[in-house]
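Geometric and topological summary
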Amino acid sequence: MGDYYEPWTYEYEHLLTAPAGEHTPVARPTSLLTGKDTKITWSANWDDSLAGGNELAAADPILAKVSGAVKLEYEKAFMFFLPRICEHCLNPSCAASCPSGAIYKRAEDGIVLVDQDRCRGWRMCVTGCPYKKIYFNHRTGKAEKCTFCFPRVEIGLPTVCSETCVGRLRYIGLLLYDADAVAQAAATRSETDLYAAQRSVFLDPHDPRVVAAARRTGIPEDWIEGAQRSPVWDLIMRYEVALPLHPEYRTMPMVWYIPPLSPVVDALRDTGHDGEDMGNLFGAVDALRIPVEYLAELFSAGDPAPVTAVLQRLAAMRAYQRRVNLGEERDESIAEAVGMTGQQMDAMYRLLAIAKYDERYVIPAAHAEIAHGLEELATECSLDYEGGPGMGGSGPFGEVSGRPVPLAVENFQVLAERQRSDNLPDPTTRGRVNLLNWDGRGRPEGLFPERKDKS
Amino acid sequence: MNILLWAILPYATVLTFVLGTVWRYRYDKFGWTTRSSQLYESAVLRWGSPMFHFGVLLVLLGHIGGLAVPKSWTQAAGISEHAYHLTAVFLGTVAGVFTVVGLGILIARRRLVGPVFTATTRNDKAMYVVLAGTLLLGLFATVRANALGDGYDYRETVSPWLRSVFYLQPKTELMTGVPIGFKLHVLAALALFAFWPFTRLVHAFSAPVGYLTRPYVVYRSRDTRPGARRTGRGWDGPPTASNRGRR
Ligand code: SF4
């Protein structure tokens, strides 16, 4: 517990109940664990704004790896935040380490979730996740983690963290991938090859063969289209500017990062150079204030090549767009130098700088009807034939619209309560429907007055 | 009185145990956990917990051996009463000491370590009383019988009685002559089993057997009809100063 911090609250009640006196009453901090007075010495994100500050930086495992020269550089560095959420890995080690099988990856959208009913509090996932993204709720005795805001994602909304990000730096989109190839890719021998291996798992949604295969497996049209418009696909595969966080953990993380181009332009200008000239920029990439080696340890298992490539692309985009901005001629050679075309430069610039809400988040809503058809064939109600009691009328427990809920021990009470509640539409109260009992699907009889002419 | 204690009570216990477990499994899966306190304190736990758990597993094995296997079987296998008694006492003492010391460490830790104590519910405390009581009574009965004389051969009385309960023909008369220590131990054990499904002890049934056969990564499909089931018990919100420790 000491490694984390002791949760605390303040004695707010004292503020209200303290008798009138000479001094202003204060709310003292109380530990939520022991209930005793406490002194706040440590907490989550304690030193974050100082990039870990003196206390944390000393323990940074990456700094231990990079050379002393880099270390010196790093100490001069400005801060940069690395916001982290659960990676919703393709090969989640949290799930693999769960003895109860309570952590699962959803087949439809890949979200990794903890089944709170199955979790038995083994706590293996807490140590199993290399990103430290599973939390043990010591009140309930169960593991908890980021849910990727699945209720929002299911209806096509971005996660709250993305939606509220002031810097508009989070992008969400679909990626089609070959689930059968994941294990093999994760087993790639060389750590520095893992970045390429993970990219090889993703399937090109523009490839007609992939589209055909997706259709065959029952992936709906709007999902395929969503995958084609996916900003994430563009950032990872087309422009190759996003990199996975710590690919060497082999969990195939799925939250990718665009490494920061630290304030290189200003730095160059201060030394009397043209900060936006491409040649100068390229040279400067190697001398960035956040050392490339450091970024490489974060994003490519220590191989500086991918990171340099990304930074050069970003720098090139800058140089290219400056000419556009100043009304000069577009310089294709800048784009070519980093293996892109001018058109791609423009598109990438658009996506990174001015993309609007619906371009940054391309999230088709989940389809309840396929999930039902695919997974729960057995629960399809046998009374659900034309004219039968399953046809929108009354199930065994009265007023039901849409598909009747199959009866089971677990929902017996709910259905029974529904039937016994007030205001059931019986013949004498035709035309009255208890909307509280209505589940929102279909049209229960009596919701609208009967038609006069029955045509 | 005999019938009540040695025929009705055991069946009531079995019934509560089985039905209680089924009920808990159906309606309170969310509460099915050890509610581990390792997060608060692990140095003492690292010693106490394995001691108690391995000890108690040995004790369980010993009980199965002593209660379920009829005396005639071991004798047919050529093990004399004396030899049996010696091994039983020896193994039993080792296991018993481990268990009791382990439990002692755990209970002391529970009381003395602040955060662990505040995380202890009333249910836990009652459970500890019954559990520790059963263990101590058992130990006490055995030690007394062995100290006073040659030990008591429960395999003539208690064991056949317990088996007869499971044959559905309880022979209550077998229990009449049993020393009071053993009687109390049996009664405490019955209470423990009746209480079992309603405490954190249910975690004993959570062996990760499926882990051996399942794929590493579990894929699962979206729940199709949220709301069709009544939502079960869930987290009751973040703790505040006033509701802390209230359960
Ligand atoms: S980041 Fe951790 S918790 Fe999230 S899916 Fe990967 S292994 Fe599991």
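Quick note: structure is the one above.
Model, not experiment: these values are computed from the prediction.

1. Some thoughts on the overall build of chain B
The helix and strand tally for chain B stands at 8 helices and 1 strand. Classification of the 247 residues of chain B by burial places 37% in the buried group. Looking at chain B alone, contacts between residues at least 24 apart form 81% of all its contacts between residues at least 6 apart. Split by element, the accessible area of chain B, about 14,300 Å² in all, is 72% carbon and sulfur.

2. Some points on the overall build of chain A
For chain A, the helix and strand inventory stands at 22 helices and 12 strands. Relative to its full complement of 455 residues, chain A shows a buried share of 41%. Taking the contacts inside chain A whose residues are at least 6 apart along the sequence as the reference set, 60% of them involve residues at least 24 apart.

3. Comments concerning a positive patch on the surface
On the surface, a cluster of positive charge is contributed by A:Lys36, B:Arg111, B:Arg122 and B:Lys125. On the secondary structure map, B:Arg122 appears in helix H6 (residues 122–148).

4. What about the sheet that holds strand E4 (residues 112–114) of chain A?
Whenever strands of a sheet pair, they do so through backbone hydrogen bonds, lying parallel or antiparallel. Here 3 strands make up an open sheet; going across it, the order is E4(A)-E3(A)-E1(B) and the pairing mixed. The sheet terminates laterally at E4 of chain A together with strand E1 (218–220) of chain B, the two strands that pair on one side only. Within the sheet, the average angular offset between the axes of one strand and its neighbour, ignoring direction, is 45°. Inspection of the sheet shows strand E3 (residues 103–106) of chain A paired to E1(B) by 3 bridges, in the parallel sense. Paired with A:Tyr104 across the two strands is B:Val218, which belongs to E1(B).

5. What about the nonpolar core?
By size, the foremost hydrophobic cluster in this structure holds 75 residues, and its most contacted members are A:Ile103, A:Ile134, A:Phe202, A:Ile236 and A:Met345. By residue number, the principal contributor to this core is helix H17 (residues 304–325) of chain A, which donates 9 residues. What A:Ile103 contacts, discounting residues up to four positions off in sequence, is A:Cys94, A:Ala95, A:Cys98, A:Val112, A:Leu113, A:Val114, A:Cys125, A:Ile134 and B:Val218.

6. Some details on the packing of aromatic side chains
According to the stated counting rule, one finds 10 aromatic pairs over all chains in the structure shown. Between the aromatic rings of A:Tyr131 and A:Tyr249, the centroid separation amounts to 5.2 Å while the plane-to-plane angle is 70°, which identifies the pairing as edge-to-face. You can see A:Tyr131 sitting in the loop between helix H6 (124–128) and strand E5 (134–137) and its partner A:Tyr249 sitting in the loop between strand E9 (243–244) and strand E10 (256–257), a full 118 residues away along the chain. Ring geometry for B:Phe17 versus B:Trp196: centroids 6.4 Å apart, planes at 75°, classification edge-to-face. Residue B:Phe17 is found in helix H1 (residues 2–27), and its partner B:Trp196 is found in the loop between helix H8 (180–195) and E1; the two are separated by 179 residues along the sequence. Classification of B:Phe17 as partly exposed rests on a relative accessible area of 22%. Chaining the aromatic ring pairs together yields one cluster made of A:Tyr195, A:Phe202 and A:Trp256. Just above the ring of A:Phe136 sits the side chain of A:Arg123; from NZ or CZ to the centre is 5.9 Å.

7. Some points on the site of the ligand
Around the ligand, the structure places A:Cys86, A:Glu87, A:His88, A:Cys89, A:Pro92, A:Ser93, A:Cys94, A:Val112, A:Cys129, A:Tyr131, A:Ile134 and A:Lys145. Along the lines of polarity and charge, the residues of the shell around the ligand split into 8 nonpolar, 2 polar and 2 charged.

8. Digging into a nonpolar patch on the surface
On the surface, B:Val14, B:Leu15, B:Val18, B:Leu19, B:Val22 and B:Phe166 cluster together into a nonpolar patch covering about 570 Å² of accessible area. Looking at which element gives the most residues to the nonpolar patch, the answer is H1(B), with 5 residues.

9. Regarding helix H19 (residues 342–354) of chain A
Residue and element names in this part refer to chain A. Here H19 contains 13 residues, and its C-alpha end-to-end distance of 17 Å stays within 8% of the 18 Å for a straight helix at 1.5 Å per residue. Of the positions making up H19, those classed as buried are Gly342, Met345, Met348 and Leu351. The secondary structure elements touched by the buried residues of H19 are helix H13 (231–238), H17, helix H18 (332–337) and helix H20 (357–360).

10. Some details on the pattern of salt bridges
All names here are of chain A. Summed over all chains, the structure comprises 14 salt bridges over all chains. With a closest N to O distance of 3.5 Å, Glu240 and Arg199 form a salt bridge. Placement of the pair is Glu240 in the loop between H13 and E9 and Arg199 in helix H10 (residues 194–201), with a sequence separation of 41 residues. Assessed through its relative accessible area of 31%, Glu240 is described here as partly exposed.

11. Quick look at the pairing of strand E6 (residues 142–145) of chain A
Residues and elements named next belong to chain A. Here E5 pairs with E6 via 4 bridges, running antiparallel. Within E6, the position partnered with Tyr135 by the bridge is Glu144. In sequence, E5 turns back onto E6 through a hairpin of 4 residues, with Gly141 there showing a positive phi of about 75°.

12. Here's the deal with the environment of A:Cys129
Residues and elements named next belong to chain A. Mapped onto the secondary structure, Cys129 falls in the loop between H6 and E5. Assessed through its relative accessible area of 8%, Cys129 is described here as buried. Sequence-distant contacts of Cys129, defined by excluding residues within four places in its chain, comprise Ser93, Cys94 and Ile134.

Cut-offs used in this document
The numbering scheme is per chain: residues are counted from 1 as the chain's sequence reads. In the order they appear in the text, chains get letters beginning with A and ligands get numbers beginning with 1. Only residues with pLDDT of 70 or above have their local features reported here, since the model is predicted, and side-chain atom pairs are shown and tallied only from 80 upward, although totals for entire chains, interfaces and linings are computed over all residues. Note that the side-chain values use all heavy atoms of the structure and ignore hydrogens as well as water. Secondary structure elements are defined from DSSP: runs of H or I of at least 4 residues count as helices, runs of E of at least 2 residues count as strands, and each element is numbered from the N terminus. Each residue's exposure class comes from its accessible area (1.4 Å probe, protein chains only) as a fraction of the maximum for that residue type: buried when under 20%, exposed when over 50%, partly exposed otherwise. Residue contacts are defined here by distance: any two heavy atoms, one from each residue, within 4.5 Å place the two residues in contact. Surface exposure here means Shrake-Rupley accessible area, sampled with a 1.4 Å probe, where a residue is shielded only by the protein chains that are shown. Patch membership requires over 30% relative accessible area and the absence of a salt bridge. Like charges are linked within 9 Å, and nonpolar side chains (Val, Leu, Ile, Met, Phe, Trp, Tyr) within 5 Å. Here, a salt bridge means any Lys or Arg side-chain nitrogen found within 4 Å of an Asp or Glu carboxyl oxygen. The convention is simple: Lys and Arg are positive, Asp and Glu are negative, and His and the chain ends are not counted. Think of each charge as sitting on NZ of Lys, CZ of Arg, CG of Asp or CD of Glu. Two strands make a pair as long as DSSP finds a minimum of two bridges between them. Convention adopted: a line fitted to C-alpha atoms gives each axis, helices being fitted over their contacting stretch, and angles between N-to-C directions are expressed from 0 to 180 degrees. Each nonpolar core is a collection of buried residues, namely Ala, Val, Leu, Ile, Met, Phe, Trp, Tyr and Cys, held together in the definition by side-chain atoms within 4.5 Å. Planes of paired rings set the category: under 30 degrees apart is stacked, over 60 is edge-to-face and the rest tilted, where pairs are Phe, Tyr or Trp rings (Trp by its six-membered ring) whose centres lie within 6.5 Å. Two conditions define a charge located above a ring, namely a distance within 6 Å from the ring centre to NZ of Lys or CZ of Arg, and an angle within 35 degrees of the ring normal. Nearness here has a simple test: a residue counts as near a molecule or strand if at least one of its heavy atoms is within 4 Å of that partner. When residues are sorted by character, Ala, Val, Leu, Ile, Met, Phe, Trp, Tyr, Cys and Pro go into the nonpolar class, Asp, Glu, Lys and Arg into the charged class, and all the rest, Gly among them, into the polar class. Multiply 1.5 Å by the residue count of a helix minus one, and that product is the helix's expected span.

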